[in-house]
Amino acid sequence: MYHLIMIINVIITCIVSLLFSSWFAAGFISESNSPETFVAPEFFFIMAVWAIGLGLYVVRAIVKSNSPALKLSLTITSLLLMWGALPIGAELVTTILLPLR
């Protein structure tokens, strides 16, 4: 039952993160005179943050540990990273990557 809930969570968070990161990368709701589809591709960094959360979930599923504290901490961290990918990734992009542009 746990894995089914996590797989549903992965699918939902992936769709949300992908939709928002592509919307941000396309220039939000502003019009662009550029022929490029993605005027700010650094916003796809949001998907990298989401992928780290997914990686922690995969590690939690693979590791055969008897420590409930380890399993719980990996689960909570992966959930926080997957659901927090949008605010964490957007904050990292706007404070670190965009000023370097």
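Note that the structure is a prediction, hence the values are computed from the model and not measured.

Caption draft 1: The arrangement of the side chain of N9 in detail. Following the sequence through the fold, N9 ends up in helix α1 (residues 2–25). Under the relative-accessibility criterion, N9 is labelled buried at 10%.

Caption draft 2: Molecular detail of the packing of helix α2 (residues 45–62) against helix α4 (residues 85–100). Orientation of α2 relative to α4, taken along the N-to-C sense of each, is 130°, at an axis distance of 8 Å. Regarding the angle of α2 to α4, the classification is oblique. In this structure, α2 crosses over α4, and the sense of that crossing is right-handed. Facing F45, I46, V49 and W50 of α2, the residues of α4 in contact are A85, L86, I88, G89, A90, L92, V93 and L97.

Caption draft 3: The packing of α1 against helix α3 (residues 68–83), seen in detail. Two numbers describe how α1 lies on α3: the axes approach to 9 Å, and their chain directions differ by 25°. Comparing the axis directions of α1 and α3 gives the class roughly parallel. When α1 is examined against α3, the residues Y2, M6, N9, V10, I12, T13 and S17 are found in contact with a partner set consisting of T75, S78, L79, M82 and W83. Grouping the amino acids of the contact of α1 with α3 by side-chain chemistry returns seven nonpolar, five polar and no charged.

Definitions and cut-offs
Residues numbered from 1 in each chain as written. Predicted model: local features only at pLDDT ≥ 70, side-chain atom pairs only at ≥ 80, totals over all residues. Heavy atoms only, no water. Helix = DSSP H or I, 4+ residues; strand = E, 2+ residues; numbered from the N terminus. Buried < 20%, exposed > 50% of the residue type's maximum accessible area, 1.4 Å probe, protein only. Axes fitted to C-alpha atoms, helices over the stretch in contact; angles between N-to-C directions. Parallel < 35°, antiparallel > 145°, perpendicular 65-115°, else oblique. Left-handed = near helix turned anticlockwise from the far one by under 90°. Contact = heavy atoms within 4.5 Å. Nonpolar A, V, L, I, M, F, W, Y, C, P; charged D, E, K, R; others polar.

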